[in-house]
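Summary of the model geometry
Listed below, chain by chain, are the residues.
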Amino acid sequence: MQNLTQIHQTSAGDIVVDNNLIADAVIVSSVQLTDDIFIVAGTGTPVDYTDGDPAATGEGVYGKGSIYIKVDAGKIYINGGTKAQLVTSA
């Protein structure tokens with residue numbers, strides 16, 4: 001049996017994954033395909049890994065190949081990095 005990651009957005013707009021604060025973005029929807037591959041729809045550009053603040057969008061959760069759809073601009077970003085060090089490209 002696969003354990004699915006729990007993702008939700010607080011009323012302040014913060015993204016929380018398994019009770020860990022992940023990003024200050026607006027996630028509209030998220031679908032988990034495997035343990036670390038997600039398709040995420042949201043507004044705003046995803047944040048890449050910077051070794052600091054702010055945390056990367058989905059850092060520690062979204063694995064290589066995860067897709068982020070920026071619905072307000074019609075762009076698709078794919079993580080080409082790792083779960084720990086996300087690097088997205090449009």
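Here the structure is a predicted model, which is why all the values come from computation and not from measurement.

So, how was this worked out
Residues numbered from 1 in each chain as written. Predicted model: local features only at pLDDT ≥ 70, side-chain atom pairs only at ≥ 80, totals over all residues. Heavy atoms only, no water. Helix = DSSP H or I, 4+ residues; strand = E, 2+ residues; numbered from the N terminus. Buried < 20%, exposed > 50% of the residue type's maximum accessible area, 1.4 Å probe, protein only. Areas by Shrake-Rupley, 256 points an atom, 1.4 Å probe, with all protein chains shown as cover. Phe/Tyr/Trp six-rings, centres within 6.5 Å; stacked < 30°, edge-to-face > 60°. Pairing = 2+ DSSP bridges. Polar contact = N/O pair within 3.5 Å; in protein donor to acceptor, adjacent residues only side chain to side chain. Contact = heavy atoms within 4.5 Å. Patch = residues over 30% accessible without salt bridge, like charges linked within 9 Å, V, L, I, M, F, W, Y side chains within 5 Å. Salt bridge = Lys/Arg side-chain N within 4 Å of Asp/Glu carboxyl O.

**Quick look at the overall build of the protein**
Assigned secondary structure in the protein consists of zero helices and eight strands. Listed by position from the N terminus, the elements making up the protein come as β-β-β-β-β-β-β-β. Among the 90 residues that make up the protein, the fraction classed as buried is 32%. When the accessible surface of the protein is summed, it comes to about 5,300 Å², and 53% of that surface belongs to carbon and sulfur atoms.

**Looking at the packing of aromatic side chains**
Taken as a whole and judged by the stated rule, the model has two aromatic pairs. Their ring planes at 55° and their centres at 5.0 Å tell us that Phe38 and Tyr62 sit as a pair that is tilted. Of this pair, Phe38 sits in strand β5 (residues 38-43) while Tyr62 sits in the loop between β5 and β6 (67-70); the two residues are 24 residues apart in sequence, bridging distant segments of the chain. On the basis of an interplanar angle of 65° and a centroid distance of 6.3 Å, the ring pair of Tyr68 and Tyr77 is categorised as edge-to-face. Classification of Tyr77 by relative accessible area gives buried; the value is 9%.

**Thoughts on the pairing of strand β7 (residues 75-79)**
When β6 meets β7, the two strands line up antiparallel, connected through four bridges. Bridged to Ile67 within β7 is Ile78. Two elements, β7 and strand β8 (residues 88-89), share two bridges in a ladder whose sense is antiparallel. Directly across from Asn79, in β8, lies its bridge partner Thr88.

**Structural notes on the side chain of Ser66**
Within the secondary structure, Ser66 sits in the loop between β5 and β6. When its relative accessible area of 5% is taken as the criterion, Ser66 is described as buried. A distance of 2.9 Å separates the side chain of Ser66 from the backbone oxygen of Gly63, its partner in a polar contact. Ignoring sequence-local partners within four residues, the contact set of Ser66 consists of Asp36, Ile37, Phe38, Tyr77, Ile78 and Asn79.

**Notes on a nonpolar patch on the surface**
Taken together, the side chains of Val31, Leu33 and Ile39 define a hydrophobic patch exposed on the protein surface, amounting to about 230 Å² of accessible area. By the element assignment, Ile39 lies in strand β5.

**Quick look at the environment of Ala73**
Take Ala73: it is sitting in the loop between β6 and β7. Between the C-alpha atoms of Ala73 and Gly42, which are 31 residues apart in sequence, the distance is 10.0 Å.

**Thoughts on the pairing of β6**
The side-chain alternation of β6 yields one buried face, formed by Tyr68 and Lys70, and one unburied face, formed by Ile67 and Ile69. The hairpin turn running from β6 into β7, its antiparallel successor, is four residues long, and Gly74 in that turn takes a positive phi close to 70°.

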